[in-house]
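Close look at the chain arrangement
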Amino acid sequence: MNKRAMITGASSGIGKATALMMARNGYNLIITGRREKRLHELADQLKKSEIEVKIMPFDIRDPQATRNAWNALSKEWKQLDVLVNNAGLAAGADPIQEGRWEDWEQMIDTNIKGLLSITRLVTPEMIKRNKGHIINVSSIASSEVYANGNVYCASKHAVHALTKGMRIDLLPHNIKVSSISPGMVETEFSIVRYHGDKGKADKVYEGLTPLNADDVADAIEFMITRPSHVNVNDMLLMPTAQASAVYNHRE
Ligand code: 8X3
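Presented here is an overview of the structure given in this document. (Residues numbered from 1 in each chain as written. Predicted model: local features only at pLDDT ≥ 70, side-chain atom pairs only at ≥ 80, totals over all residues. Heavy atoms only, no water.)

What to know about the overall build of the chain
To keep things clear, this is the line we draw: Secondary structure follows DSSP: runs of H or I at least 4 residues long count as helices, runs of E at least 2 residues long count as strands, and numbering of each begins at the N terminus. Between the two quantities, the radius of gyration covers C-alpha atoms and the globule rule is 2.2 Å times the number of residues to the power 0.38. Each residue's exposure class comes from its accessible area (1.4 Å probe, protein chains only) as a fraction of the maximum for that residue type: buried when under 20%, exposed when over 50%, partly exposed otherwise. Two residues form a contact once any of their heavy atoms are found within 4.5 Å. Each accessible area is a Shrake-Rupley result for a 1.4 Å probe, and residues are judged covered by the shown protein chains and nothing else. In this tally Asp and Glu are treated as negative and Lys and Arg as positive; neither His nor the chain ends contributes. The atom standing in for a charge is NZ when the residue is Lys, CZ when it is Arg, CG when it is Asp and CD when it is Glu.
The helix and strand tally for the chain stands at 8 helices and 7 strands. The C-alpha atoms of the chain give 17 Å as radius of gyration, which agrees with the globular expectation for 251 residues (18 Å, within 12%). Principal-axis analysis of the C-alpha atoms gives the chain an extent of 50 × 35 × 35 Å. Taking all 251 residues of the chain together, 49% fall into the buried category. Long-range contacts, defined here as pairs at least 24 residues apart, represent 70% of the contacts in the chain between residues at least 6 apart. Accessible surface, the chain as shown: approximately 12,200 Å² in total, 51% of it carbon and sulfur. Both charge centroids of the chain, one from 31 positive and one from 29 negative side chains, sit 6 Å from each other.

Comments concerning the side chain of Ser139
The test is simple: Throughout this description, a polar contact denotes any pair of N or O atoms lying within 3.5 Å of each other; where both atoms belong to protein, one of them has to be capable of donating a hydrogen while the other can accept it, and for residues adjacent in sequence the pair is counted only when both atoms sit in side chains.
Mapping Ser139 onto the fold places it in the loop between β5 (132-137) and α5 (150-169). Among the polar contacts listed, one links the side chain of Ser139 to the backbone nitrogen of Ala141, at a separation of 2.8 Å. Ignoring anything within four residues of it in the chain, the contact list for Ser139 reads Tyr152, Lys156, Ile180, Ser181 and Pro182.

Notes on the pattern of salt bridges
To keep it simple, the criterion reads: A pairing counts as a salt bridge when a side-chain nitrogen of Lys or Arg comes within 4 Å of a carboxyl oxygen of Asp or Glu.
For the structure on display, the rule yields 10 salt bridges. Within this structure, Arg35, Arg38 and Glu188 form a network of salt bridges that share partners.

With respect to the site of the ligand
Our working definition: Nearness here has a simple test: a residue counts as near a molecule or strand if at least one of its heavy atoms is within 4 Å of that partner. Here the term charged refers only to Asp, Glu, Lys and Arg, the term nonpolar to Ala, Val, Leu, Ile, Met, Phe, Trp, Tyr, Cys and Pro, and the term polar to all other amino acids, Gly among them.
Every residue near the ligand is listed here: Ser139, Ile140, Ala141, Tyr146, Tyr152, Gly183, Phe189 and Arg193. Here Tyr152 contributes a side-chain N or O atom positioned 2.6 Å from an oxygen atom of the ligand. For the ligand, an oxygen atom lies 3.4 Å from a polar atom in the side chain of Arg193. Per-class residue counts for the shell around the ligand are 5 nonpolar, 2 polar and 1 charged.

Quick word on the pairing of strand β2 (residues 28-33)
Within a regular strand, the side chains alternate between the two sheet faces. Threshold: Only strands joined by at least two bridges in the DSSP assignment are considered to pair. A clockwise path from the first strand over the helix to the second, with the strands pointing away from the viewer, defines a right-handed crossover.
Within β2, 6 of the 6 residues are buried, which leaves the element mostly enclosed by the surrounding structure. Burial of β2 is two-sided: the residues Asn28, Ile30 and Thr32 facing one way and the residues Leu29, Ile31 and Gly33 facing the other way are all buried. Bridge count between strand β1 (residues 4-7) and β2: 4 bridges; the pairing is parallel. Note on β2: the bridge partner recorded for Arg4 is Asn28. Viewed along the sheet, the connection from β1 through helix α1 (residues 13-24) into β2 turns out right-handed. In the sheet, β2 pairs with strand β3 (residues 53-57) via 5 bridges, with the strands oriented parallel.

So this is what it looks like as structure tokens:
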């Protein structure tokens, strides 16, 4: 019987690449996100791997919508082997004194509270089966802080603390908790961060080769294919041209 996984924020970027990787690994998948059309397109692609796919279109910032989507699942679908907490974003890149409240709320409500609400629903079911694996998609910003990264970095520092806290709380229940912390990954990330300004977004990756979404999915594949007694606590994955959040080498 196929294993089951849920991937949040699966409609693009790292989430989508992870869904494709997990389909190749024979997982039946629940893919969540706000953009229903994109989820349908991805589901069609995933089904070519002869797996079952369930679409859950909802905004993870809305706890009631998240609960409703979860409650609508069958008993079988709720039995997840893997949860990939991928939904997350950076909104804005302003110094703290100029930050926009809406950006801060969007990041905190998605990166922290969204991750929490899904985790709160999924973990009791994993505990019942005494197994499971939660992978939090974090960032180099979970351990470093850079100019104008303030609230985004704080949200990823929170993901780091929650990953550690979850690992401790779920230890007696045989549940693995991992995080993957990439540096620059070229997805829609920077376009979203700069509120759709493609010129600014392109500049982020100018003169260097960033990671791509498949590079991160490869790392997640390594995590989910370890034997049951091995857990990757955290993996810091960087482009060769990036030594830290602030040191890059550009040609
Ligand atoms: C994305 C990487 O360097 O923009 O999380 O924080 S960075």
